[in-house]
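Report on the structure
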Amino acid sequence: MAKPASARLAWDIESYDVVTPQKEKKRILHAQGDALHAGEMFLIVGPSGSGKTSLLRILAGRHAHGDWQGQLVADGAIADRHPRRATGYVDQHPLFFATLTPRETLTFTARLRLPKSTSKDVSSKVTQVLNELNLGKCASTYIGDERLKGISGGEKKRLQVAAEMVSDPTCLLLDEPTSGLDAATALLTCRTLSRLARSPEKRAVLAVVHQPRASLLQLFDRVVALSDGRPVYAGSPNDLLAHFESVGAPCPAHENPADHLLDLVAIPDEVAGGDQTEDELEASVDDLRKRKAIAKQVADAFTSSQGARDSKDRFKQAKQQATGTQQPQGIASNWLHQFNVLLQRAWLYKIRDEMVVITQVTMACIMALLLGAIYFQQGLSQASIQSRVGAISFSMLLMSFIAFDIVLLFPKERDLYTRESQAGLYGASAFFHARCLAELPGHLTAGGAYATIAYWMMGFQSSAMKFAHFFFLCEAVVFAGTSLLIFCGCCARDFEMANNYATVFFCLFMMFDGSGLCGNQPVHRVHPTILH
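A brief look at the structure comes next. (Residues numbered from 1 in each chain as written. Predicted model: local features only at pLDDT ≥ 70, side-chain atom pairs only at ≥ 80, totals over all residues. Heavy atoms only, no water.)

Considerations on the overall build of the chain
Scanning the chain from terminus to terminus reveals 19 helices and 11 strands. In terms of overall size, the chain is more extended than a compact globule, its C-alpha atoms giving a radius of gyration of 30 Å where 532 residues would be expected to give roughly 24 Å. In terms of principal-axis extent, the alpha carbons of the chain reach across some 100 × 70 × 45 Å. Within the chain, buried positions represent 47% of all 532 residues. (Helix = DSSP H or I, 4+ residues; strand = E, 2+ residues; numbered from the N terminus. Rg over C-alpha atoms; globule rule 2.2 N^0.38 Å. Buried < 20%, exposed > 50% of the residue type's maximum accessible area, 1.4 Å probe, protein only.)

Next comes the structure, spelled out in structure tokens:
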């Protein structure tokens, strides 16, 4: 195979360290360098915890924690440490809105990535990408989730790739594109990636695969194996067997070379306990000692191998060809465009999940009927004052958490927001306002339904103006309660924590809403030790 002409991405990583929860510094990646060329299929393999994903996130400019030292070269220029529009990054976990179709998802993504394109150009590009990634048959099917049946796992993986392809990246980085797929679907996915690399655009493709099958391995031009953050092999997949033979660890006949490689370098830290006899335990210790010796032998052999020298030369050549320095790239579109697209996407997602809105309105009506029956026609006399105060107090409390489902909003969609915002699609402000505005009509409808039923059943004054006051007061409390719940969701890492925050706030409001005080007795008379 001919040697690729130019480097799309090159790296020289000196180190990458993170701080553990015990406040100790841990080195995730050690010294390594290489380059990804145009039209090349590049594979990174290694056991769990070997640093594959950490390396990929550094290359994509999406490292979230830790500190790394080194240099990156991207598309012929020295690159900074921020995400680049020309580099597509595909996370290992598909994150989409379940009630949107692949065509709609790609259309919204294309409008955010290509803000200057016309609707016709966006539609044409989406159709092209759908056909290119064999998604045409499911283009109008809901993506789905655990509640809603939708497209298959393999189609979701390809849809992730399609979301990056709408902006024509020169380099495509994929983290575990075959995880969760059966062998046949995984092979089909990698063949699709190979077709993208061999296309006239000569896109560079770098994928992290935990344990590739033999036929999948042959689709790649270059393989780098990591163990404990260090490279232990770099070169063509066709040279794997010869390399094993040269370091004294030949691959058994009829065994997948990738499996053999992982067996050599995936060494446990200690012998597992259990119901072992003394002889069995001693044998396990001896076996572990031998495996560690072989792993060290493989790692030491690589440092002086031709593969290690080639990796260094590839980076040096890319750096010599680099001209200039890339400037940080901001968001492609303005705030108003982001808000418009995100609002349309959120609204379409919301109205298709009609059961949520129906449930909210139904529960509001049921609660209105129950409270209306309890406080039915209290009258307007002096004797019913306390009852009317209780009715209003319960109504306001109910309105404040009628939108309690929104506390799930940001914990649930935080990963999706993080991925898209890091890719430069939009900012936090546009996402927040669009998402909240899309949720508001359903919540206000539920509040209005409650106010309309409860007011007349409870026997308040038969005045249109008084009813309007009660109606808009309920809507205002719904709005305030929604804002508080959104605040709780933003502050929390998960739903359980958000639920705890919201419960504490609502309990405080219930304690100090004033409905439990008798006559004109002020709060400081009831609890003088709190305020003095």
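A closer look at the pattern of salt bridges
What the rule picks out here adds up to 17 salt bridges. Residues arginine 27 and aspartate 17 are paired through a salt bridge, measuring 2.7 Å at the closest nitrogen-oxygen approach. With arginine 27 in strand 2 (residues 25–29) and aspartate 17 in strand 1 (residues 7–19), this residue pair connects regions lying 10 residues apart in the sequence. Here aspartate 17 falls in the buried class, since its relative accessible area comes to 10%. Here arginine 435 and glutamate 439 are joined by a salt bridge, their closest N and O atoms 2.9 Å apart. Note that arginine 435 and glutamate 439 are positioned in helix 15 (residues 428–457) at a spacing of four residues, about one turn of the helix. Pair check on accessibility: arginine 435 and glutamate 439 agree, each one buried. (Salt bridge = Lys/Arg side-chain N within 4 Å of Asp/Glu carboxyl O.)

Thoughts on the packing of aromatic side chains
On inspection of all chains with the given rule, the structure shows 16 aromatic pairs. For the pair tyrosine 375 and phenylalanine 394, a centre-to-centre distance of 6.5 Å together with 40° between the ring planes defines the contact as tilted. Remark: phenylalanine 394 occurs in helix 13 (residues 385–400) and tyrosine 375 occurs in the loop between helix 12 (354–374) and helix 13; sequence separation between them is 19 residues. One aromatic cluster is present, built from ring pairs that chain together Tyr455, Trp456, Phe460, Phe467, Phe470, Phe471 and Phe472. (Phe/Tyr/Trp six-rings, centres within 6.5 Å; stacked < 30°, edge-to-face > 60°.)

As for the environment of isoleucine 402
Tracing the sequence through the fold places isoleucine 402 in the loop between helix 13 and helix 14 (409–422). For the pair isoleucine 402 and histidine 443, spaced 41 residues apart in the sequence, the C-alpha separation amounts to 7.2 Å. Once you skip the residues sitting within four places of it in the chain, isoleucine 402 turns out to touch Ala364, Ala446, Gly447 and Val478. (Contact = heavy atoms within 4.5 Å.)

A look at the layout of surface pockets
A volume near 980 Å³ is recorded for the largest pocket. In this structure, the largest pocket is lined by 42 residues; those nearest its centre are Ser227, Asp228, Gly229, Arg230 and Pro231. The dominant element in the lining of the largest pocket, judged by the number of residues it contributes, is helix 9 (residues 278–303), at seven residues. Taken together, the residues of the lining of the largest pocket sort by class into 20 nonpolar, 10 polar and 12 charged. (1 Å grid on protein atoms, 1.4 Å probe; cavity = no way out; pocket = protein on both sides within 12 Å on 5 of 7 lines; lining within 4 Å. Points joined across faces, edges and corners; volume = space filled by probe spheres on them. Nonpolar A, V, L, I, M, F, W, Y, C, P; charged D, E, K, R; others polar.)

Quick look at the nonpolar core
The biggest cluster of nonpolar side chains holds 53 residues, and the ones touching the most others in it are Leu106, Leu133, Leu159, Val161, Leu172, Leu174 and Leu193. At six residues, helix 5 (residues 183–198) tops the list of elements feeding residues into this core. (Core = buried A, V, L, I, M, F, W, Y, C linked by side-chain atoms within 4.5 Å.)

Considerations on the sheet that holds strand 10 (residues 222–227)
Pairing within the open sheet is mixed, and its six strands lie in the order 7-8-9-4-10-11. Bordering the open sheet on either side are strand 7 (87–90) and strand 11 (230–235), each of which pairs with just one other strand. For this sheet, the mean angle separating the axes of adjacent strands, direction not counted, is 15°. In the sheet, strand 8 (residues 171–175) pairs with strand 9 (residues 204–208) via five bridges, with the strands oriented parallel. Counted as the bridge partner of aspartate 175 is valine 208 from strand 9. Each of strand 4 (41–45), strand 8 and strand 9 is contacted by helix 5, which is oriented at about 140° to strand 4, the strand it contacts most. (Pairing = 2+ DSSP bridges. Axes fitted to C-alpha atoms, helices over the stretch in contact; angles between N-to-C directions.)

Some points on empty space enclosed by the protein
Tallied over the entire structure, the rule returns four cavities of 30 Å³ or more. In this structure, the largest cavity occupies an estimated 140 Å³ of space. Every residue lining the largest cavity is counted, 15 residues in all, and those nearest its centre are Phe96, Thr109, Leu416, Arg419 and Glu420. Residue assignment for the lining of the largest cavity shows that the elements contributing at least two residues are helix 2 (102–113), helix 4 (153–165) and helix 14. Taken together, the residues that form the lining of the largest cavity break down as eight nonpolar, two polar and five charged. Roughly 40 Å³ of volume is contained in the second largest cavity. Every residue lining the second largest cavity is listed: Tyr89, Val90, Asp91, Gln160, Ala163, Glu164 and Arg419. Of all elements in the fold, only strand 7 and helix 4 reach the threshold of two or more residues within the lining of the second largest cavity. No other element matches the three residues that helix 4 contributes to the lining of the second largest cavity. Looking at side-chain class alone, the lining of the second largest cavity contains three nonpolar, one polar and three charged residues.

Overview of the pairing of strand 7
Regular strands place their side chains on alternate faces of the sheet. Side chains Thr87 and Tyr89 project from strand 7 onto one buried face, and the interleaved Gly88 and Val90 project onto a second face that is buried too. Bridge count between strand 7 and strand 8: four bridges; the pairing is parallel. Looking at the pairing, valine 90 lines up with leucine 174 of strand 8.

Some words on the side chain of serine 50
Tracing the chain through its elements places serine 50 in the loop between strand 4 and helix 1 (52–60). Among the polar contacts listed, one links the side chain of serine 50 to the backbone oxygen of proline 47, at a separation of 2.8 Å. The contact partners of serine 50, leaving out residues within four places of it in the chain, are Ile28, Leu226, Ser227, Asp228 and Gly229. (Polar contact = N/O pair within 3.5 Å; in protein donor to acceptor, adjacent residues only side chain to side chain.)

Examining the packing of helix 2 against helix 4
Two elements in contact, helix 2 and helix 4, have axes whose closest approach is 9 Å; the angle formed by their N-to-C orientations is 25°. Classified by the angle between their axes, helix 2 and helix 4 sit roughly parallel to one another. Crossing handedness for the pair helix 2 and helix 4: right-handed. In this structure, helix 2 uses Pro102, Leu106, Thr109 and Arg113 to contact helix 4, whose residues at the interface are Leu159, Ala162, Ala163 and Glu164. For the contact of helix 2 with helix 4, the residue count by class is five nonpolar, one polar and two charged. (Parallel < 35°, antiparallel > 145°, perpendicular 65-115°, else oblique. Left-handed = near helix turned anticlockwise from the far one by under 90°.)

Topic: helix 2
In a regular helix each residue adds 1.5 Å, so 12 residues correspond to 16 Å; helix 2 covers 16 Å between its end C-alpha atoms and thus fits that length. The buried fraction of helix 2 is high, at nine of 12 residues. Within helix 2, burial applies to Pro102, Glu104, Thr105, Leu106, Phe108, Thr109, Ala110, Leu112 and Arg113. On its buried face, helix 2 is in contact with helix 3 (119–132), helix 4 and helix 11 (335–352). (Expected span 1.5 Å × (residues − 1).)

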